[in-house]
2 protein chains.
Amino acid sequence: MKRKLSLSKVYRLLEPGPVVLLTTARRGRANVMAMSWHTMLEFEPPLVGCVVSNRNYSFDALRLTRECAINVPTVELAAKVVKCGNTSGRRRDKFTAYGLTPVPASLIEAPLIAQCYANLECRVVDSRMVRKYNFFVLEVCRAWIDAAVRSARTIHHRGRGEFMVAGRTIRLPSRMK
Amino acid sequence: MKRKLSLSKVYRLLEPGPVVLLTTARRGRANVMAMSWHTMLEFEPPLVGCVVSNRNYSFDALRLTRECAINVPTVELAAKVVKCGNTSGRRRDKFTAYGLTPVPASLIEAPLIAQCYANLECRVVDSRMVRKYNFFVLEVCRAWIDAAVRSARTIHHRGRGEFMVAGRTIRLPSRMK
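A short tour of the structure in this document, coming up. (Residues numbered from 1 in each chain as written. Chains lettered and ligands numbered in written order. Predicted model: local features only at pLDDT ≥ 70, side-chain atom pairs only at ≥ 80, totals over all residues. Heavy atoms only, no water.)

Before going further, it helps to examine the sheet that holds strand β11 (residues 155-159) of chain B. Sheet architecture is open: 4 strands sit in the order β11(A)-β12(A)-β12(B)-β11(B), paired in antiparallel fashion. Since the sheet does not close on itself, it has two edges, and those belong to β11 (155-159) of chain A together with β11 of chain B, each with one partner. Recorded for the sheet is a direction-independent mean angle of 40° between the axes of neighbouring strands. As paired elements, strand β12 (residues 162-171) of chain A and strand β12 (residues 162-171) of chain B share 7 bridges and run antiparallel to each other. Residue pairing in the sheet places Phe163(A) in a bridge with Ile170(B) of β12(B). (Pairing = 2+ DSSP bridges. Helix = DSSP H or I, 4+ residues; strand = E, 2+ residues; numbered from the N terminus. Axes fitted to C-alpha atoms, helices over the stretch in contact; angles between N-to-C directions.)

Structure follows, in structure tokens:
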């Protein structure tokens, strides 16, 4: 069961650098890709910068619809995430193929992935860096989180088949937001 | 003892989202700040996008010298990283105050931090996004790594004093680079 997450807390999900699943929809056809190249750009409204290569099938959907969802998976989904990364949506419905459940979003056409513990509904707000870097600036318009998940065991890409799984949490007297 | 790391492997350090220490130098005065808002933009030459707020003392040094180093700390340095994040270099030499050892870089004026297991010498190659987002595009010109460190126990910012420590590594049949 998910609840709305305050937009001011979205950075806490993405700042540690998890692999995410980016969902798009174009002409009624949804797609999902794995993505690691993303960063926060602003706290509130939360802005996220991310690279979606123009070799990815999702690129045109993102560029043309200017909408997507960022879905944050945990380690239980690692095998499915890798399959999403290994294949293209051009020839395959990855949701059906890998047993990912698309659920309707509230503000955008792209679906959310039920199995991911957090889902961020996003709109493209700046595409000036797309031509040179395939870099999109997204604004997170609504955020959902499974309140039962604490210290989410996210996965973090180290390349060449290696993923780091989020380990223990430490607390330090940080004044950083 | 550090060796040169192939530039083609730099993404493997930054993609998992570690907190890094950014070093700059201006008019012979070095500084260091903690940073979590960064992403890979290109594999090779490695391009990194990062946000350095114009409220940070490092901002002017980075903007004017167009050079910096990205130093990747592990959990042993967590307390010092937090201190760097809590204080400004405007009034303090953080290297001396926190026992971080600056060592000369090979291609840039900014120092590297000896205690960090990896060091990336960077030049600013695009500052078009600085005015709007404080977002700098860096090219990594040289990379150094402590070859003895495997599965580095990096730290990952979750906000409000919480940091996730890199956990176990899993291997999956990924075809992603």
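Text resumes after the structure shown.
The next thing to look at is helix α2 (residues 58-65) of chain A. Residue and element names in this part refer to chain A. Within α2 the residues assigned to the buried category are Ser-58, Phe-59, Ala-61 and Leu-62. The inward-facing, buried residues of α2 contact β2 (20-26), β3 (29-35), β6 (67-72), β9 (118-126), α5 (130-133) and β10 (135-146). Arg-66 sits one or two positions beyond α2 and adopts a positive phi of about 55°. (Buried < 20%, exposed > 50% of the residue type's maximum accessible area, 1.4 Å probe, protein only. Contact = heavy atoms within 4.5 Å.)

For Gly159(A), the location among the structural elements is in strand β11. If we skip the residues at most four places from it in the chain, Gly159(A) touches Tyr11(B), Arg12(B) and Lys177(B).

Taken as a whole and judged by the stated rule, the model has 10 salt bridges over all chains. Across the pair Glu162(B) and Arg12(A) runs a salt bridge, and its minimum N-O distance is 3.8 Å. With one member in each of two chains, Glu162(B) in strand β12 and Arg12(A) in helix α1 (residues 11-14) form a pair that bridges those chains. Among the ionic pairs, Arg171(B) bridges to Glu162(A), the shortest N-O distance being 2.9 Å. Of this pair, Arg171(B) sits in strand β12 while Glu162(A) sits in strand β12, each in a different chain. A relative accessible area of 58% places Arg171(B) in the exposed class. Residues joined in a network through salt bridges with shared partners are Arg12(A), Arg171(A) and Glu162(B). (Salt bridge = Lys/Arg side-chain N within 4 Å of Asp/Glu carboxyl O.)

Turning to the interface of chain A and chain B, a few remarks are in order. In this assembly, 54 residues from chain A lie in contact with 55 residues from chain B. A combined buried area of about 5,700 Å² lies between chain A and chain B, and 56% of that area is made up of carbon and sulfur atoms. Linking chain A to chain B there are 6 salt bridges. Broken down by secondary-structure element, the contributors of at least two residues to the side of chain A that touches chain B are α1, β4 (38-42), β5 (47-51), α3 (78-86), α5, β10, β11 and β12 of chain A. The leading source of residues in the side of chain A that touches chain B is β12(A), at 10 residues. Residues belonging to the side of chain A that touches chain B are distributed by class as follows: 25 nonpolar, 14 polar and 15 charged. (Buried area = accessible area lost by both parts, 1.4 Å probe. Nonpolar A, V, L, I, M, F, W, Y, C, P; charged D, E, K, R; others polar.)

On to the relation of the copies chain A and chain B, then. Superposition of chain A onto chain B requires a rotation of 180° combined with a translation of 0.0 Å along the rotation axis, giving an RMSD of 0.0 Å. On this basis, the relationship between the two copies can be described by a two-fold rotation axis. (Least-squares fit on C-alpha atoms with pLDDT ≥ 70 in both.)

All right, on to unusual backbone geometry then. Negative phi values dominate among residues other than glycine, just as trans dominates among peptide bonds. The omega angle of the peptide bond from Glu44(A) to Pro45(A) is 0°, so this bond is cis rather than trans. Along the polypeptide, Pro45(A) turns up in the loop between β4 and β5. The phi dihedral of Arg66(B) falls on the positive side, at around 60°, and the residue is not glycine. Tracing the chain through its elements places Arg66(B) in the loop between α2 (58-65) and β6 (67-72).

What follows is about a positive patch on the surface. Among the surface-exposed residues, Arg3(A), Lys9(A), Arg150(A), Lys177(A), Arg55(B) and Arg160(B) lie close enough to one another that they form a single positively charged patch. Tracing the backbone through its elements, the reader meets Arg3(A) in strand β1 (residues 2-4). Residue classification places Arg3(A) among the partly exposed positions, given a relative accessible area of 44%. (Patch = residues over 30% accessible without salt bridge, like charges linked within 9 Å, V, L, I, M, F, W, Y side chains within 5 Å. Areas by Shrake-Rupley, 256 points an atom, 1.4 Å probe, with all protein chains shown as cover. Lys, Arg positive; Asp, Glu negative; His and termini not counted. Charge placed at Lys NZ, Arg CZ, Asp CG, Glu CD.)

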